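A closer look at the structure
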Amino acid sequence: RFQHTSTSHLCSCSKTVSNEKYQDPFQLGRKDLKNLYEDIKKELLVSTAELKEMCDYYFDGKGKAFRPMIVVLMARACNIHHNNSREVQASQRSVAIIAEMIHTASLVHDDVIDDANSRRGKMTVNQIWGERKAVLAGDFILSAASVALARIGNTTIISVLTQVIEDLVRGEFLQLGSKENENERFAHYLEKTFKKTASLIANSCKAVSILGCPDPKVHEIAYQYGRNVGIAFQLIDDVLDFTSCADRLGKPTAADLKLGLATGPVLFACRQFPEMNAMIMRRFSKPGDVERARKYVLQSDGVQQTTYLAQRYCHEATREISKLRPSPEREALIQLTEMVLLRDK
């Protein structure tokens, strides 16, 4: 089902049916994301200096704000589709802020679980302040996001976005387990990928579409676009773990193997090198397993197959978003699928 030996069926994700002018997503989304991190810090009003320092550490404004940008572009695209309004509502922008806060809280907790040393090219919160305080900082960011969510005052939106928090926890549990059967293993990997990465993007996109347009078909389009882009984003992340140098990635390479995780490139490589099965089941715990597995992956077509799979998800995301009325924001969201595939860090 996931074996793709030809790319002939893949159309370029950047080709669109409309003649709307090409838009750089980051340029287009910048207006609505102005002061994003300052606004997040206002949500994190804390009395203790140390907790404030920990919260400010990741909200330094140096990230690309990839998730909030998708959210505000989706908000505009849905608003234009519904009644040609080009403004982002305050509640829709709040969803973008909440999405970034939930994402960052999950990173802080992930780094504790993984005992990670670096994130985005700098030391992790757990390395500087210790695991206990890092867990509490992640909890605090999550609680502040929940307060901001309640302030929107819409029970449907609360339900949609709290699903993300449930999925993050379930995804982490899925990552701690593994499957013996090869087909089950791939399904397990994709489910984990959806819950840990794509659910946040899918449900945030759905939330802003609900706030901007009453049509359930539009809500489904927004959700499916976010889901497909989110899964593709993580598949490329898993590819970069094998192909990018640590300096570009901002974290050590082969990190997933060292954590005992079999990602897409490993699962595809396993079909050419069945001896990897035993290594997967023992989570690369024997001396030399990580290096051997990495060598097998690079000798196989695992990286190529995972990239093809990411292209399929991006193609599906493009197909979904193309159902909306043409707009610069819609084209920017299409362009974004290409950027997800071409990124190198």
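The text that follows walks through the structure, step by step, so that each part is easy to find. Quantities reported herein were computed from a predicted structural model and do not represent experimental measurements. (Residues numbered from 1 in each chain as written. Predicted model: local features only at pLDDT ≥ 70, side-chain atom pairs only at ≥ 80, totals over all residues. Heavy atoms only, no water.)

1. Topic: the overall build of the protein chain
When helices and strands are tallied, the protein chain shows 17 helices and 2 strands. Computed over the C-alpha atoms, the radius of gyration of the protein chain is 20 Å, within 12% of the 20 Å expected from 2.2 N^0.38 for a compact globule of 345 residues. The C-alpha extent of the protein chain, read off along each of the three principal axes, is 55 × 55 × 35 Å. Summarising the internal contacts of the protein chain: among those between residues at least 6 apart in sequence, 75% fall at separations of at least 24. Mean positive and mean negative side-chain charge positions of the protein chain (47 and 42 charges, respectively) differ by 2 Å. (Helix = DSSP H or I, 4+ residues; strand = E, 2+ residues; numbered from the N terminus. Rg over C-alpha atoms; globule rule 2.2 N^0.38 Å. Contact = heavy atoms within 4.5 Å. Lys, Arg positive; Asp, Glu negative; His and termini not counted. Charge placed at Lys NZ, Arg CZ, Asp CG, Glu CD.)

2. Overview of empty space enclosed by the protein
One pass over the full model with this rule turns up 1 cavity of 30 Å³ or more. By volume, the largest cavity is sized at about 190 Å³. Forming the walls of the largest cavity are 16 residues, and the residues nearest its centre are Gly177, Ser178, His188, Leu261 and Ala262. If one sorts the elements of the lining of the largest cavity by residue count, helix H9 (residues 182–212) sits on top with 4 residues. In terms of residue class, the lining of the largest cavity is built from 6 nonpolar, 6 polar and 4 charged. (1 Å grid on protein atoms, 1.4 Å probe; cavity = no way out; pocket = protein on both sides within 12 Å on 5 of 7 lines; lining within 4 Å. Points joined across faces, edges and corners; volume = space filled by probe spheres on them. Nonpolar A, V, L, I, M, F, W, Y, C, P; charged D, E, K, R; others polar.)

3. Focus: a nonpolar patch on the surface
Residues Ile113, Val169, Phe173 and Leu176 make up a contiguous nonpolar surface patch of roughly 430 Å² in combined accessible area. The element best represented in the nonpolar patch is helix H8 (residues 155–176), accounting for 3 residues. Take valine 169: it is sitting in helix H8. (Patch = residues over 30% accessible without salt bridge, like charges linked within 9 Å, V, L, I, M, F, W, Y side chains within 5 Å. Areas by Shrake-Rupley, 256 points an atom, 1.4 Å probe, with all protein chains shown as cover. Salt bridge = Lys/Arg side-chain N within 4 Å of Asp/Glu carboxyl O.)

4. A look at the state of the cysteines
Under the defined criterion, the tally for this structure stands at 0 disulfides. Its sulfur unpaired, cysteine 205 is 8.0 Å from the next cysteine sulfur, which belongs to cysteine 78. (Disulfide = S-S within 2.5 Å.)

5. Focus: the pattern of salt bridges
A pair can form between side chains of opposite charge whenever their charged atoms are brought close. All chains considered together, the criterion is met by 21 salt bridges. Of the charged contacts in the structure, one is a salt bridge between glutamate 329 and arginine 86, with a shortest N-O distance of 3.8 Å. In this pair, glutamate 329 sits in helix H17 (residues 328–342) while arginine 86 sits in the loop between helix H4 (66–83) and helix H5 (90–114), placing the two residues 243 residues apart along the sequence. A residue is classified by how much of its surface remains accessible, and arginine 86, at 40% relative accessible area, is partly exposed. As a salt-bridge pair, lysine 323 and glutamate 320 come within 3.2 Å of each other at their nearest N and O atoms. Taken together, the salt bridges that share partners define one network made up of Asp32, Arg76, Arg86 and Glu329. (Buried < 20%, exposed > 50% of the residue type's maximum accessible area, 1.4 Å probe, protein only.)

6. Looking at unusual backbone geometry
Of note, alanine 65 is a non-glycine position whose phi angle comes to about 55°, a positive value. Positionally, alanine 65 belongs in the loop between helix H3 (49–58) and H4. The phi dihedral of phenylalanine 284 is positive, around 50°, even though this residue is not glycine. Take phenylalanine 284: it is sitting in the loop between helix H14 (276–281) and helix H15 (289–299). Phenylalanine 284 sits in the buried class, given a relative accessible area of 5%.

7. Re helix H7 (residues 131–152)
Given a rise of 1.5 Å per residue, 22 residues ought to cover 32 Å, and the 32 Å separating the end C-alpha atoms of H7 matches this to within 8%. Looking only at H7, the buried set comprises Ala134, Ala137, Gly138, Ile141, Leu142, Ala144, Ala145, Ala148, Leu149 and Ile152. Buried positions in H7, seen along its axis, are confined to an arc of 155° and lie on one side of it. Within H7, the exposed residues directed more than 90 degrees away from the buried face are Arg132, Leu136 and Arg151. (Expected span 1.5 Å × (residues − 1). Arc of directions from axis to C-beta.)

8. Quick look at H5
Compared with an ideal rise of 1.5 Å per residue, which puts 25 residues at 36 Å, H5 spans 36 Å between its outermost C-alpha atoms and is within 8% of the ideal. Counting buried residues along H5, 20 of its 25 residues qualify, which places the element largely inside the surrounding structure. Looking one or two residues beyond H5, the residue adopting positive phi is aspartate 115, at roughly 50°.

9. Side note on the environment of valine 108
Along the polypeptide, valine 108 turns up in helix H5. The buried category is assigned to valine 108, whose relative accessible area is 3%. The spatial distance from the C-alpha of valine 108 to the C-alpha of threonine 124 is 7.8 Å, given a sequence separation of 16 residues. Once residues within four sequence positions are removed from consideration, valine 108 is found in contact with Tyr58, Ala134 and Gly138.

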